[in-house]
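What follows is each chain in one-letter form.
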Amino acid sequence: LAAGAQWAALAALLAAGSPVHAQDKGIEVRLSGQINRAILHADDGGQTDWFNVDNDNSSTRFRFDAAGNVRPGLRAGILFEVEYQSNPSNVVNFVTRQASPSLDERHMDIFVNGAWGTARLGQGDGAANGAAEVDLSGTTVAHYSDTTGVGGGFLYRNSAGVLTTSSITATLANQDFESRYDRLLYQSPVFSGFMAETSWGNKATDVFELALRYSGKLEAGLGTLAGALGYSREDAVPGGVDDKILGGSISWLLPSGLNLTFAHTNRDLPGREGKFTYLKAGYKFNPRHAASVDFAQGDDQEAAGDEAKMFGVGYVYTPIAWAEVFGLLKRHDLDRPGASLQDITFAMIGTRVKF
Amino acid sequence: MRPLFVAACVALAGCAAEPVRYHSQNEIPPGPGLLSGAEGAFVLRVGGSASDAAAPSDSAAPRNAAEEREYQEWREWKRRQESGAN
């Protein structure tokens, strides 16, 4: 069928709302979700406290999705996913200890899938979203390249003990492209483990993204490799500069359970280039345990000359298939010319339960 | 740099024994759920075959222990049927 006819078939499926239009096994409607809560301890050199948080590494959320065959070889469906976080771990700090929950959009998406690939229309991942976050360590619920997911809202304190306006998020973001927005996305079929994606949509201005992804089991017992390269461009508002990001990540899991992950991104900023680099080494021992250490560095992100660093240790225990228990220790520091800022340390323990 | 990248892609394509689907662990994990059981989601099949439609309590969480038992017994029976058919 021509593309127009395929879109017409999708429209007919969605408009009909009647099972007589479904073929084969009909339409499958699925409801799933998770709750991810943790206790977080923070120490910024001048103040320490405990926070009861929603772990933003993988927020509390629920999902409703449905898919069915339009005809043999052509599948269509919807994905609706929202998050509901009370005290998100990337928002709370010593000034804002409580953040009320709100229903926040993640995906509101219609898709069509065939031998030619997948087209998606609506709110959802841009083509390059996650390209700086590929990680096979098994510890991402505790820590991964987005080091701002836990403690991102905390502000650095100067040597006099006064809070500055510089947060962890502003100085050490992984610059993972344009996240989710209202877009039209195309994903190619998988060729020898490779898949290409492109999307166009808009936030306040137009957004364009490209990505090339790979995941495959290597021959000769070399384990599993996954990686992605991405590019995004968000058009400038009048008087500004285009927001362009280039980068990617790669993760290698050996059969022994040892794993290595690397990510790097560059972002065009007015008069400078914001850089992010991430390294992680981990070990999965038996299916229930995974541990890792990581290091991140952000350069020139909030201001020229900034050098933000993070060292972390994470552990995830999976006692039963639907639950994980995790722990995290990490320390952030920021070197800024002409300023003396204190380190911020975090300890977190929590659990994610899929329901 | 560009030729190196292309060479790396070709080498990867050549030595990939099998493509695997990457699932970000920051998404809802695959596998069973606390309430949804082995399926990992509350599933409703609309317009399917008779055997699919006959699933008891397949579209909602079991409301009590007896219903949970009945659901698990049905799932076990269905699994046996499917593995027998294979």
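The model shown is predicted, which means the values in this text are computed figures rather than measured ones.

Q: What exactly am I supposed to notice about the overall build of chain B here?
A: Along chain B, the regular secondary structure elements total 3 helices and 2 strands. Helices and strands in chain B line up, N terminus first, as α-β-β-α-α. Burial status across chain B gives 30% buried among its 86 residues. Pairs at least 24 apart in sequence give 16% of the contacts found in chain B among residues at least 6 apart. When the accessible surface of chain B is summed, it comes to about 5500 Å², and 58% of that surface belongs to carbon and sulfur atoms.

Q: Help me understand the interface of chain B and chain A in this model?
A: The figure often quoted for interface size is the accessible area lost as the parts come together. Contact with chain B, which involves 36 residues of that partner, is made by 49 residues of chain A. For the pair chain B and chain A, the summed buried area comes to about 3600 Å², and 56% of that belongs to carbon and sulfur atoms. Looking at the side of chain B facing chain A, the largest losses of area belong to Gln25(B), Asn26(B) and Ile28(B), adding up to 21% of the total buried there. Taken together, the connections running from chain B to chain A amount to 4 salt bridges. Glu27(B) is the salt-bridge partner of Arg63(A), the closest N and O atoms lying 3.8 Å from each other. Taken together, the links from chain B to chain A amount to 19 residue pairs in polar contact (both at pLDDT 80 or more).

Q: Which parts of the structure should I look at to understand the pairing of strand β6 (residues 117-125) of chain A?
A: Each regular strand carries side chains that alternate between the two faces of the sheet. All names here are of chain A. With respect to burial, β6 is a largely interior element, 7 of its 9 residues being buried. The sheet contact formed by strand β5 (residues 103-114) and β6 spans 7 bridges and is antiparallel. Across the sheet, Phe 111 pairs through a bridge with Arg 120, a residue of β6. Both β6 and strand β9 (residues 180-187) contribute to a ladder of 8 bridges, which runs antiparallel. Looking at the pairing, Gly 124 lines up with Tyr 181 of β9.

Q: Any chance you could explain the packing of aromatic side chains here in plain terms?
A: Aromatic rings considered in pairs are described by the distance between their centres and by the relative angle of their planes. Residues and elements named next belong to chain A. Per the stated rule, a full pass over the model turns up 8 aromatic pairs over all chains. Between Phe 51 and Phe 154 the ring centres are 5.4 Å apart and the planes differ by 85°, which places this aromatic pair in the edge-to-face class. One end of the pair, Phe 51, is in strand β2 (residues 48-54); the other, Phe 154, is in the loop between β6 and β7 (155-157), and 103 residues separate them in sequence. You can call Phe 51 buried: its relative accessible area is 3%.

Q: Is there a simple way to think about the nonpolar core in this case?
A: Grouped burial of nonpolar side chains is what soluble globular proteins tend to show. Residue and element names in this part refer to chain A. Counting residues in each nonpolar core, the largest one holds 28 residues, and the members touching the most others are Leu 40, Phe 51, Phe 154, Phe 326, Phe 346 and Met 348. Elements with a contribution of two residues or more to this core: β1 (27-43), β2, β15 (272-285), β17 (307-320), β18 (323-335) and β19 (344-354). Those residues within four positions of Phe 346 in sequence are excluded, and the remaining contacts are Leu 40, His 41, Ala 42, Gly 151, Phe 154, Ile 168, Leu 328, Leu 329, Lys 330 and His 332. Formed by 11 residues, the second largest nonpolar core is a distinct cluster that contains Ala 132, Val 134, Leu 136 and Ile 245.

Analysis parameters
- Residues numbered from 1 in each chain as written.
- Chains lettered and ligands numbered in written order.
- Predicted model: local features only at pLDDT ≥ 70, side-chain atom pairs only at ≥ 80, totals over all residues.
- Heavy atoms only, no water.
- Helix = DSSP H or I, 4+ residues; strand = E, 2+ residues; numbered from the N terminus.
- Buried < 20%, exposed > 50% of the residue type's maximum accessible area, 1.4 Å probe, protein only.
- Contact = heavy atoms within 4.5 Å.
- Areas by Shrake-Rupley, 256 points an atom, 1.4 Å probe, with all protein chains shown as cover.
- Buried area = accessible area lost by both parts, 1.4 Å probe.
- Salt bridge = Lys/Arg side-chain N within 4 Å of Asp/Glu carboxyl O.
- Polar contact = N/O pair within 3.5 Å; in protein donor to acceptor, adjacent residues only side chain to side chain.
- Pairing = 2+ DSSP bridges.
- Phe/Tyr/Trp six-rings, centres within 6.5 Å; stacked < 30°, edge-to-face > 60°.
- Core = buried A, V, L, I, M, F, W, Y, C linked by side-chain atoms within 4.5 Å.

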